[in-house]
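Each chain, letter by letter, is given below.
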Amino acid sequence: MEIKQLTKTYKTEYELIHALNHIDLVFPQKGLVFIVGVSGSGKSTLMNMLSGVDVPTSGEVIIDDISLYNGNKKQLFGYRNSYVGLIFQDYNLIEDLNVYENIKLPLEFLHQEDFSIVDEVIKKVDIEDIKYSQVDQISSGQMQRVAIARALVKNSAMILADEPTGNLDSKNTRIVMDLLKEISQDRLVVVITHDDDAAHEYGDRIIEIEDGKVLDDHLVDPSINEPMVKEKISFSKPIITFKQQLLFTFRFIRSNLARSIAIFIMLILIPIIGNVLCGYAFFDIATSFHRYQDEYGSNYIELADNIKGYSTYYSVDDYGDLLDKYGGENILEIYNTYVPLVNSSVDLEDSFYAPVIRNIVTDDYERLNYQEGHAPVSLTEVAITDYVSACYENYVGRPYVIGDRINIGGRYYDICGIVDTDYEKFLNKNLNDQMVQMAFQENLQLYNAVISNFVGYHNGIKLNMNYFVETINYTVTPRNIGDDPVVKEATVMVQKLSAAPTVSIVQGSRLTSSSGSGSSAMLSQNLWQNIMEENEIKVNSFSLSCMNSYGQRNRYLSIYASGIFRDLSNYGIDGTVIVKDQYFRTRVDKMAMCRILVQKDNIFYDKIIKTEKVVNPSFTYAKATWTKADSSKFVMYEFLITLLIIIVVFAVIINSMTLNAEKKKIGIKYSFGISKFPIIVPYLLETIFYVIVGFILSLVVVQFIFPWIMTTFVYTSSQEVMEYQFFYISWSSILGWDAIIYAVMFISLITMVLTICRKSPIEIIKDL
Ligand code: ADP
Ligand code: MG
């Protein structure tokens, strides 16, 4: 080894220190070379240049024609790893590892698999009795012997020792010096000391340094200059196995228990606080309500314009408007009804299967999913749901099937289809849970319904929405027929003013006038034939006897017939009269007790939730929560920002505290030739460890313990509990908050480690 014009200049605040000043030296391949000199003369600086743990300002260190500081980092790391064994005054053992592991470490970095040499060197330096001790529990003489063993074990070509006996008593000094002397038989050992006696007793060559220059170079034993036959040197970059990294990680966590506990506390607290803050700050009723529906399986939004007692309804015209506005496909029109499935003598035990059909749902556009049969096409057909069928089966022992007849309001209807609902999903849910129960009830709007083309059975029959707004059952009493008309009942359809019915006119004209008594009307062919022609009465006016939806009130209208249209035979009506709606309008509005079901996947979900009157029971709670959240939004934003700042500050503090403790270890590994990334890996693994354990911990606390505390001690009334549920499901995710903590922790840690590694190993070790 040769050094040429080696110079190291330190810049301090006040001056430039020339620690090494253009030094030239040639070292032999073996022998014990002492470097002596007063304190501050530059010995350590020289040593650090030789060992590759610091970088010279100028000049070269040449080993076998390879210039060490030529900018090739890989080569420098390899040099540190395989060519040189280092012994420091203060030992620099890795505290996380025991004696044996410390000594074995360089071998692992050299990817050697035979560790028998470890025991050999342990025997050689005579520390067999402390082989498995922790390194902070042994004496300083033993520590230095461990350090020597660690330098010896890799069988490097050169051993450099900076004041190896500086902290030792005379007995231990002697042991160490004897060891170094023995080692120097077949390799170069360079030792720094200010112990002149030792130098003269043991040294083969003594170099004296003063003010960064060689003052004296004294060869005691010329035989050390005889060239040795040595293998061609190769620098091998260190490798750390994953197992080794895991060990580092494990030891790191163990030796930083306080840090681990602090992180776990953060991991538990921050998701709770963060989620609470986010829950209030970002509470959006549509999102929250949607989540509730997803989570508990509530499939519909129920809309109503007016709420009067139990009757919630839209006018039929409004229904048409909503269809246009929100896309008809996900919208259903529903009417209350009451159709017992079984007679009351049956023992009604099972509360899951309701023995009553509650609603009539219109399904003009086949919006439902038929598992069997088809949507009703005539007015004498209805479809039922699989739930209704199952309810029937539950009490009667056999399900309703296609072809059965069902009595609704005194009329019989043929079952033409069975609609597939997802009611089975509630069979395995806990219906004692209030939220589940509520969602189930909301779904029952469809589950226990019959599907029909008519609007409300009170009112009779409804035709295609586009042509007829409402149909009303009227008794038609043609004038001059007397007491026994051929057709006593006809269906009167009230047409929208805007659109004429697209029926084909057989005779006469479409509706002409629309106001006052004597409004025009159109008669169906059938009605005309039955009433008018068969009785040979050529009159064009007749009267209608009307009933309101409750069948209470009669009203007689005098109608002028303007034309005859072809019968709508598939509706099975024996007589039809079409009149314009202006005349009937008010009554029609009141008759149509329509509510609206919107399936939750309607693409206008958010808009519907925010602008229409939603009457789902669950919505009451969601809205109450929304109101509370709205009033505290601003404060919550402030807290949120504070929380994020706290996370960052926490991460920085805890990381820098840890790294202060870790610095030396990092420096030691670095001086062994380990490069930056492998140094970071244990911290990365540590973070992964916290991710796994922390996530499980925070999950348990946030999902179970915290809600339990809240609903047991804070929100005590059942109304409050339900509101809390909506608040709870609006939470952002635990995972999100954990991810923030980990990301911040990780970024700050990596940044810090990288900043540390920008220095030279010796600067890190000495914490400069
Ligand atoms: P020795 O080991 O012989 O006691 P050093 O090599 O440690 O001496 O130091 C030589 C000179 O360089 C001293 O004046 C010391 O103060 C200075 N020095 C060493 N390291 C640094 C440093 N990192 N920054 C500034 N000055 C330094
Ligand atoms: Mg020194």
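The structure we're discussing is the one just above.
Let me begin by describing the structure that accompanies this report.

## Quick look at the overall build of the protein chain
Within the protein chain, the secondary structure is distributed over 21 helices and 28 strands. For the protein chain, the share of sequence-separated contacts (at least 6 apart) that also reach a separation of at least 24 residues comes to 77%. Carbon and sulfur atoms provide 53% of the accessible area of the protein chain, an area that totals close to 34,100 Å².

## Some remarks on the sheet that holds strand β7 (residues 158–162)
Overall, mixed pairing links the 6 strands, which are arranged β6-β7-β8-β3-β9-β10 in an open sheet. Among the strands making up the open sheet, the edge pair consists of β6 (84–87) and β10 (213–219). Neighbour-to-neighbour, the strand axes of this sheet turn through a mean angle of 15°, independent of strand direction. Two strands pair when backbone bridges link them, and strand β3 (residues 31–36) and strand β8 (residues 188–192) are joined in this way by 5 bridges, in the parallel orientation. Among the inter-strand pairings, Val33 is bridged to a residue of β8, identified as Val190. Those strands touched by helix α2 (residues 73–83) are β6 and β7, and its axis lies near 70° from that of β6.

## Observations regarding the packing of helix α13 (residues 434–447) against helix α19 (residues 718–729)
Put simply, α13 and α19 touch, their axes get as near as 11 Å, and they point 80° apart. Our classification of the angle between α13 and α19 gives roughly perpendicular. Here α13 contributes Gln434, Met435 and Met438 to the contact with α19, which in turn contributes Ser718, Met722, Gln725 and Phe726. Per-class residue counts for the contact of α13 with α19 are 4 nonpolar, 3 polar and no charged.

## With respect to the environment of His18
Tracing the backbone through its elements, the reader meets His18 in strand β2 (residues 16–26). Classification of His18 as partly exposed rests on a relative accessible area of 44%. When the C-alpha atoms of His18 and Gly42 are compared, they prove to be 8.6 Å apart, with 24 residues separating the residues in sequence. For His18, the residues in contact, after removing those within four places along its chain, are Lys8, Thr9 and Asp211.

## Things to note about the pairing of strand β11 (residues 300–303)
Residue alternation in β11 divides its side chains into two sets, Tyr300 and Glu302 and Ile301 and Leu303, and both sets are buried. Sheet analysis places β11 next to strand β28 (residues 595–599), joined by 4 bridges and oriented antiparallel. Counterpart to Tyr300 in the pairing with β28 is Gln599.

## Re the side chain of Gln245
On the secondary structure map, Gln245 appears in helix α8 (residues 242–255). Given the relative accessible area of 4%, Gln245 is considered buried. In this structure, Gln245 is in contact with Ile240, Pro678, Val681, Pro682 and Leu685, ignoring residues within four places of it in sequence.

## Observations regarding the environment of Ala439
Positionally, Ala439 belongs in helix α13. Taking the relative accessible area as the measure of exposure, Ala439 reaches 0% and is therefore buried. Distance from Ala439 to Phe426, taken between C-alpha atoms, is 9.4 Å for residues 13 residues apart in sequence. The residues contacting Ala439, other than those within four sequence positions of it, are Tyr292, Tyr296, Gly297, Ser298 and Phe426.

## Describing the packing of aromatic side chains
Tallied over the entire structure, the rule returns 38 aromatic pairs. For the ring pair Phe289 and Phe726, a centre distance of 6.4 Å and an interplane angle of 10° mean the geometry is stacked. Here Phe726 lies in helix α19 and Phe289 lies in helix α10 (residues 285–296), a separation of 437 residues in the sequence. Residue Phe289 is classed as buried on the basis of its relative accessible area, which comes to 0%. With relative accessibility at 0%, the residue Phe726 sits in the buried group.

## Observations concerning the layout of surface pockets
Each pocket or cavity is described by its volume, and for the largest pocket that value is around 710 Å³. Lining the largest pocket are 24 residues, and of these Tyr83, Asn155, Ser156, Ala157 and Ile233 lie nearest its centre. Its residues assigned to classes, the lining of the largest pocket shows 10 nonpolar, 7 polar and 7 charged.

## Considering α19
Over its 12 residues, α19 extends 17 Å from the first C-alpha to the last, a length consistent with the 16 Å expected when each residue adds 1.5 Å. Burial analysis of α19 places 9 of its 12 residues in the buried class, the great majority of the element. Residues of α19 that are buried: Val721, Met722, Glu723, Tyr724, Gln725, Phe726, Phe727, Tyr728 and Ile729. Contact partners of the buried residues in α19: α9 (257–281), α10, α13, α17 (617–671) and α18 (676–714).

## Quick notes on the site of ligand 1
Neighbouring ligand 1 are 13 residues; Gly40, Gly42, Lys43, Ser44 and Thr45 lie closest to it. One nitrogen or oxygen atom from the main chain of Gly40 is found 2.7 Å from an oxygen atom belonging to ligand 1. The contact in question runs from an oxygen atom of ligand 1 to an N or O atom on the side chain of Ser44, over 2.7 Å. Coverage of ligand 1 by the protein chains reaches 68% of its 560 Å² of free accessible surface. Here the element with the most residues in the shell around ligand 1 is helix α1 (residues 43–51); it accounts for 3 residues. Split into classes, the residues belonging to the shell around ligand 1 amount to 5 nonpolar, 7 polar and 1 charged.

## Thoughts on the packing of helix α3 (residues 99–109) against helix α5 (residues 140–153)
In a pair of packed helices, the angle between the axes and the distance between the axes together describe the arrangement. As a packed pair, α3 and α5 sit with axes 8 Å apart at the nearest point and diverge in direction by 25°. In terms of their interaxial angle, α3 and α5 are classed as roughly parallel. As α3 runs across α5, the sense of the crossing is right-handed. Mapping the contact onto sequence places Val99, Asn102, Ile103, Pro106 and Leu107 in α3 and Val146, Ala149, Arg150 and Val153 in α5. A breakdown of the residues in the contact of α3 with α5 according to their chemical character gives 7 nonpolar, 1 polar and 1 charged.

## Looking at the nonpolar core
Ranked by size, the top nonpolar core spans 94 residues in total, and within it Tyr292, Tyr387, Ile406, Ile596, Ile609 and Phe726 carry the most contacts. With 11 residues, the top contributor of residues to this core is α17. Per-domain counts for this core show at least three residues from each of domain 2 (249–293 + 619–765) and domain 3 (299–467 + 595–615). Formed by 60 residues, the second largest nonpolar core is a distinct cluster that contains Met49, Tyr69, Ile192 and Phe252.

## Considering the side chain of Lys154
Assignment of secondary structure puts Lys154 in the loop between α5 and β7. Of the side chains with opposite charge, Glu108 lies nearest to the buried Lys154, which makes no salt bridge, at 14 Å. Looking at Lys154, its side chain comes within polar contact range of the main-chain oxygen of Val84, at 3.0 Å. Filtering out sequence-adjacent residues up to four positions away, Lys154 remains in contact with Arg80, Asn81, Val84, Gly85, Pro106, Leu107 and Leu110.

Cut-offs used in this document
Residues numbered from 1 in each chain as written. Chains lettered and ligands numbered in written order. Predicted model: local features only at pLDDT ≥ 70, side-chain atom pairs only at ≥ 80, totals over all residues. Heavy atoms only, no water. Helix = DSSP H or I, 4+ residues; strand = E, 2+ residues; numbered from the N terminus. Contact = heavy atoms within 4.5 Å. Areas by Shrake-Rupley, 256 points an atom, 1.4 Å probe, with all protein chains shown as cover. Pairing = 2+ DSSP bridges. Axes fitted to C-alpha atoms, helices over the stretch in contact; angles between N-to-C directions. Parallel < 35°, antiparallel > 145°, perpendicular 65-115°, else oblique. Nonpolar A, V, L, I, M, F, W, Y, C, P; charged D, E, K, R; others polar. Buried < 20%, exposed > 50% of the residue type's maximum accessible area, 1.4 Å probe, protein only. Phe/Tyr/Trp six-rings, centres within 6.5 Å; stacked < 30°, edge-to-face > 60°. 1 Å grid on protein atoms, 1.4 Å probe; cavity = no way out; pocket = protein on both sides within 12 Å on 5 of 7 lines; lining within 4 Å. Points joined across faces, edges and corners; volume = space filled by probe spheres on them. Expected span 1.5 Å × (residues − 1). Near = heavy atom within 4 Å. Polar contact = N/O pair within 3.5 Å; in protein donor to acceptor, adjacent residues only side chain to side chain. Left-handed = near helix turned anticlockwise from the far one by under 90°. Core = buried A, V, L, I, M, F, W, Y, C linked by side-chain atoms within 4.5 Å. Domains from an automatic or database assignment. Lys, Arg positive; Asp, Glu negative; His and termini not counted. Salt bridge = Lys/Arg side-chain N within 4 Å of Asp/Glu carboxyl O.

In short, the description is geometric, and any link to function would need to be established separately.
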